[in-house]
Protein chains: 4
Amino acid sequence: MPERSFLSDILQRVAVGARLSRGKTAVDIGTLCDELLSDKGEASGLATAMQILDTFESLENDKQAAFFMDIANRFGVDETALQSAISGWKAGDDYAARKLHYAAEPKSQELIRRLNRVPGATARLVTMRSVLLEHLKTHPELSGIDTDFRHLFSSWFSRGFLEIRRINWSTPAEILEKIITYEAVHEITGWDDLRQRVAAPDRKLFAFFHPAIPTEPLIFVEVALTTNVSSAVGSILARDRTPINPASATTAVFYSISNCQSGLRGISFGNFLIKQVVSELAAELPALKTFVTLSPTPELRKWAESLAGAELTDLMRESIANAKADIPPTMIAEITARYLLLAKRASGTVYDPVAHFHLGNGAILHRVNVNADLSPQGIKNAWGVMVNYLYDGKKIEANHQAYATEHQVAASPEVRVMAGLPKKLMGDKNV
Amino acid sequence: MPERSFLSDILQRVAVGARLSRGKTAVDIGTLCDELLSDKGEASGLATAMQILDTFESLENDKQAAFFMDIANRFGVDETALQSAISGWKAGDDYAARKLHYAAEPKSQELIRRLNRVPGATARLVTMRSVLLEHLKTHPELSGIDTDFRHLFSSWFSRGFLEIRRINWSTPAEILEKIITYEAVHEITGWDDLRQRVAAPDRKLFAFFHPAIPTEPLIFVEVALTTNVSSAVGSILARDRTPINPASATTAVFYSISNCQSGLRGISFGNFLIKQVVSELAAELPALKTFVTLSPTPELRKWAESLAGAELTDLMRESIANAKADIPPTMIAEITARYLLLAKRASGTVYDPVAHFHLGNGAILHRVNVNADLSPQGIKNAWGVMVNYLYDGKKIEANHQAYATEHQVAASPEVRVMAGLPKKLMGDKNV
Amino acid sequence: MPERSFLSDILQRVAVGARLSRGKTAVDIGTLCDELLSDKGEASGLATAMQILDTFESLENDKQAAFFMDIANRFGVDETALQSAISGWKAGDDYAARKLHYAAEPKSQELIRRLNRVPGATARLVTMRSVLLEHLKTHPELSGIDTDFRHLFSSWFSRGFLEIRRINWSTPAEILEKIITYEAVHEITGWDDLRQRVAAPDRKLFAFFHPAIPTEPLIFVEVALTTNVSSAVGSILARDRTPINPASATTAVFYSISNCQSGLRGISFGNFLIKQVVSELAAELPALKTFVTLSPTPELRKWAESLAGAELTDLMRESIANAKADIPPTMIAEITARYLLLAKRASGTVYDPVAHFHLGNGAILHRVNVNADLSPQGIKNAWGVMVNYLYDGKKIEANHQAYATEHQVAASPEVRVMAGLPKKLMGDKNV
Amino acid sequence: MPERSFLSDILQRVAVGARLSRGKTAVDIGTLCDELLSDKGEASGLATAMQILDTFESLENDKQAAFFMDIANRFGVDETALQSAISGWKAGDDYAARKLHYAAEPKSQELIRRLNRVPGATARLVTMRSVLLEHLKTHPELSGIDTDFRHLFSSWFSRGFLEIRRINWSTPAEILEKIITYEAVHEITGWDDLRQRVAAPDRKLFAFFHPAIPTEPLIFVEVALTTNVSSAVGSILARDRTPINPASATTAVFYSISNCQSGLRGISFGNFLIKQVVSELAAELPALKTFVTLSPTPELRKWAESLAGAELTDLMRESIANAKADIPPTMIAEITARYLLLAKRASGTVYDPVAHFHLGNGAILHRVNVNADLSPQGIKNAWGVMVNYLYDGKKIEANHQAYATEHQVAASPEVRVMAGLPKKLMGDKNV
């Protein structure tokens, strides 16, 4: 019988056989999941898993939602086993606690693990979760299943498994095409624009990949090599600029970071990527002394126009209310400095999500730039403001600790003064 | 400050800084683990994790045991949280059940997950578990930690992540060297012997690798292409044999399967590997019709000499007791057939572990060969007996199901008769 | 002194040193060539060669012409040596004949050989020749130098050194970009058009590369997999078409062949490429039965409008003279058939260069298609006509021999009749 | 008709067809060569070339000699054409000179070029020449053919085509196996010895490859990283030594250079290889300051015992004649220094071939070491003497020029004094 499709063939026979032996002929996807979980043999399991993935991908959107709901209902915890494990546990019995842990595991988690046995399944499960996240918006009852995915993905996409790659003009087109699609901060308008960003000698692009999904970037960062801290993105993206010799660059500007896989939401890679790229660039180009971002403040106007309170002066609030886009540049800078330094969430961390990300990584709030992003999007969100965060290897840890433990924000004297704060924190040696 | 070691440098500062900020100067590895689990910042976590792995590897054997014991004591479940999660759960509340699941997770499991964030950590964790398994023999109280490792490894080494590779004479020497070391069934005596097994046109070797450990095979199988079902391993391993043209081979004999990583004990790959290799060979060499193993029965004599009961005749038992190695070949064959077909474990599965493995995969017990492995080891364990298991694509599933659900053993009429059973099972269509 | 640039450094010292030791400080490129030829040490030769290439590339166009002229004048044959070798030779003395051969070698040939010692020089020499070919148009006295280049290139770009590669969507962008640039038959309008031609399942693109110039294709062919012999290129290039399953294709249509390197003019690869691609496709897709081109007749109108004589009827000639583009389709087909079968060069081969190429490869003139290429170019050159040449493995050799030795043209009965010839050649078994 | 062997199939048909069309059925290899040269079609040429190579390789040794003789006789120059080209040439006519050059080319040269069109032919032609070189010893009349091979190889194996590769423990076994075979200076006794030489952190091995022969090294050099200039090879090859940290090494000792392909005799790569390796090591390990060889003097005793004259003192000659291996170490050193500095060939270059090679590359004769190679071979050839040649980037060019133009030998003061010469050359700044 040997033939090309031997393995697929076996897998199909096995799946069909498994069902026939249970007296069923036609099966729905929920039943397939049931079989996958109940089957003890790995051979038929693989075939069934493959069939579940194929079927899911062929379903229409509402049927996919129904599938998730079905899973959520059907493959929760085994309550009898859990009850018994609870009864069996008493404080101090770690063995019983582990039994309880496994007894309390929802069957849906094991279902996802078994689906992942199929070669190539990981990418398909990431896509499956991105569909799930869409449905989650209207079906909060799916949050349990989403927890299962996130828990497993956070283990499977551990930093230890990832590989960093340079993306340049000798990268395969199928990957470059995805970079165009996934750029989320400063749109790439086509192949010519892309060429500028990956093939110019003073531009670099780095991405993380998972070895089981070799043609799909997970996250990427775009870097411009310059001779000063950029204050506006226009000059970085300009088509007609003359590239500089990278060996003469003193500054690396991280001007865009994009997460690529919506199915990996909540799994964080950016922190690792920035530090890794700083490390690679520093090794390659010894003249580089300054590593800095040019970052958006996407929520600035939303905050200033509706959420701001005592952080702003009356005059500022009034200008915002009346003038909107015509506030004088100096005032915009001051509002931004106050927003970044004073606006806080209930948890005590800064309100701005981008600032929170970089401060949490140990960066310093270095400079506020007005008229830095004059795209319609940039005006609409932030009156054109962009911010530099500085990564200084000597201070990263102290900043990280101070922010993580005391929510203390590392900022340059210039920005502090702009926000109406004293030039330095008492006894601060870090900034 | 930028320099080659920027990243490592950051990592070290971060780790040292983290400790200093807590007022400690010297730390033991247990304290480092404590920090790794308590730290919320990922940057310092990575540095701490690296330091834990380095320190563990530098410890002497008894200190490593002490480390595991310390982990087991210190990083069990958080009992207060667990108690509260138990109180919060009632039947039907899947949300609370998930909370309970995570509350019952021993902290040691999260510790291993965080260690795996370090680039290259996976291989080091596999080695760590192999050390743990040694200590487990004398310290059963470490079984909980081992459960954590196995649980995570079974997820990280999912079939979907593995890649199959052909090992041949263009494989890097560092990998070939490991094949020599890891061969567990028929020792490879050196590079010349290895060359025979990987570079002869009628010999093949396939291995599974995990992409995060690219130079370490996980499991490999050795195949001889022949024109009949081999009845003895000597002719396969002979140095002076003349290779046949692989295109004229009708039979693929799987004469050796070796697991390479003791740290992955309990994570099963063999089943997938055999079927994948059958599939690849069938596609490449259409003349191949028969896929069969030549397998040992490592426990045969131990069983026959001390555990056998009604499965054997009085005459057999007497011959074994008196004659040992001088039992007539026909009787050895009959004893083996009875052993394989009739000797069972309490669970109802067959006693022989190799038979259990292949029958569980859906293979057929095809033939018993006497004088098949005349090495001292082969005589000592099994009077020189080896067994062929046949992988027949058409019957794999039915056999698998029959064995998995009813412990029904698929065997050729010849072997059944040899064991004193009727030629066929009533209504059996599989064999 | 060791440092990054050790080798370059040595090379430069060597070159400068070599000149200083001869008492010169500033040198022109001709003098450098002189040094390269006279120097016996390979070390300084390498440095000098590098400097010659660098200098040449920095010259303006007219200086490059002057350089070639200088070379032609300065590095001809060594006449004294040649005269002496002539005197030394008499019939039957092969040793003296070889001496004569080397004595008659122009020094410019050895100059090119020595330039090629520089790593990466081959690509630069190909470019140098493309410049030379431009100047040759106005400077016929450079034809000797061009002969040297062609002679060496034909040895260096021997079929045995070339490698075939499939170009697809996982090919690096830097190579794909060159495919866009080099397509000479049916322009590729951008990356989307390219994607159609290389990434659609029923489209293939194959190219030859030289291993010393790994990112520069030498020649490539584009193939469409179809279910019939295409009669027009529009349907092949249509953007909105639905791809077919390649496994169901019966016909491979070679619809474009482009030479990429003008510097390799006169070095022929197309013959080998087509046959290699036929071989690869036949192996991969067993359902493919027909291998056919869809080729232009770029000189048809030029010939018909000014060169045609007795090959055409009076009516035809009159229609051409009066109506030009409005000749009825049937007549266009007949004119084309007569052009391809009857118009000959002085040497006896067919007039049409594309027909000459395919007939010389052993293909059959299979079909004339009117309204096949309605692009402005297609109309202008050939009233929109395209031609299918059929590659039939069984007949290739006989056709090739018949054309090579007797200029006998293999054509389908249909085309022969169209040209007013008998349906078959007497005794012809090939078509 | 499409099938796997389409291309081979075509090629065979073509070859058979070509012969049939000439009315022949059985052909000898000489006739095939005749056909290859006369055929104008490239298709049948490729098939014929393939057949010639196959046939040659199947011939017995004496038939191969006969084949070469046949070629030499049959494919010399076309004398009529040559005579006519001679008549057509007069001084100043470069066009006619080129015609003469091509007319004087022996047909055997074009034959080799055409054979090289077959994919993979280059390696086979190298082997063919190694056979030829064996026969040349007894058949000097084959020297013309050998000239053809050498001429073409020197063009095909131009430095610009070669690639350097590091050989280490991740190199494929098939290449490592060849390193063991080809090591010509200090035998590699097996895989363990090889592992020492390529996998120890303070040992390096570099090789040149031609891209058309990717698994065959052409030449390789073995390097030991040390902290001083090694004076004996024993300590380098010792099995039980402790490797040093390569970053702390100050000296790179080139202790073995081996040419691998006897078929490439006369094509020189060593000069390029050493300089390239110096460059790579200097870039990688900035602490390396000294690049030096540890080289044999294979002809020392032969010269001293039978060829030496006034270069030695009477006492020296007497000691050699009487004592042979028991000459005191100081005298051996002095004899060696005199041998290396004073013994010359008729051309004025030094007598010792190894010294000639390194001096020609610009190295300095740095030190004579007695008791440096105590292997039987080392004693037999050179009383155990080995020599260090120093590659000093600052002096390479001046030394090269001085040796190339005036045969002036760069030697350290120590060695000069040892040879009874003044410490320095008048005005010498190089040593």
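Residues numbered from 1 in each chain as written. Chains lettered and ligands numbered in written order. Predicted model: local features only at pLDDT ≥ 70, side-chain atom pairs only at ≥ 80, totals over all residues.

The subject of this paragraph is the confidence of the model for chain A. Residue and element names in this part refer to chain A. Mean pLDDT over chain A stands at 89; residues scoring 70 or higher make up 90%. Taken as a whole, residues 1–5 scores under 50 in pLDDT and shows eight contacts with residues more than four places along the chain or in a different chain. Interface confidence in the predicted complex, given as ipTM, is 0.86; pTM for the same model is 0.89. (pLDDT = per-residue confidence, 0-100. Contact = placed C-beta atoms within 7 Å.)

In this complex, chain C contributes eight residues to the contact, which on the side of chain A involves eight residues. Of the residues forming the side of chain C that touches chain A, the biggest block, three residues, is contributed by helix α10 (residues 173–182) of chain C. (Helix = DSSP H or I, 4+ residues; strand = E, 2+ residues; numbered from the N terminus.)

So, about helix α10 (residues 173–182) of chain B. If you check which residues of α10 of chain B are buried, you get Ala173, Ile175, Leu176 and Ile179 of chain B. Axial view of α10 of chain B: buried residues confined to an arc of 160°, hence all on one face. Where α10 of chain B is buried, its residues meet α11 (191–199), β2 (203–209) and β3 (219–226) of chain B together with α10 (173–182) of chain D. (Buried ≥ 20, exposed ≤ 12 C-beta atoms within 10 Å, placed from the backbone. Arc of directions from axis to C-beta.)

Turning our attention to the nonpolar core. Core analysis: the biggest nonpolar cluster contains 238 residues, and Leu365 and Val385 of chain B together with Leu365 and Val385 of chain D have the highest contact counts within it. Setting aside residues no more than four positions away along its own chain, Leu365 of chain D makes contact with Leu340, Ala355, Leu359, Val387, Tyr389, Val409, Ala410, Ala411, Ser412 and Val415 of chain D. Counting 236 residues, the second largest nonpolar core, distinct from the first, contains Leu312 of chain A together with Leu111, Ile188 and Leu281 of chain C. (Core = buried A, V, L, I, M, F, W, Y, C linked by C-beta atoms within 7 Å.)

All names here are of chain A. Per the domain assignment, the segments making up chain A are domain 1 (6–156), domain 2 (160–293) and domain 3 (295–418). Placing a centre on the C-alpha atoms of domain 1 and another on those of domain 2 gives a separation of 37 Å. Between domain 1 and domain 2, the contact holds 10 residues from the first and 10 residues from the second. Its residues assigned to classes, the side of domain 1 that touches domain 2 shows four nonpolar, four polar and two charged. (Domains from an automatic or database assignment. Nonpolar A, V, L, I, M, F, W, Y, C, P; charged D, E, K, R; others polar.)

Our focus in this paragraph is the arrangement of the chains. Nowhere do chain B and chain C come into contact; their C-alpha atoms are at least 13 Å apart. Taking C-alpha atoms only, the smallest gap left between chain A and chain D, which are not in contact, amounts to 13 Å.

Least-squares fitting of chain C to chain A yields an RMSD of 0.1 Å, with the transformation described by 0.1 Å of translation along the axis and a rotation of 180°. The superposition of one copy onto the other is thereby described by a two-fold rotation axis. No C-alpha of chain C approaches the rotation axis more nearly than that of Pro172 of chain C, which lies at 2.0 Å. (Least-squares fit on C-alpha atoms with pLDDT ≥ 70 in both.)

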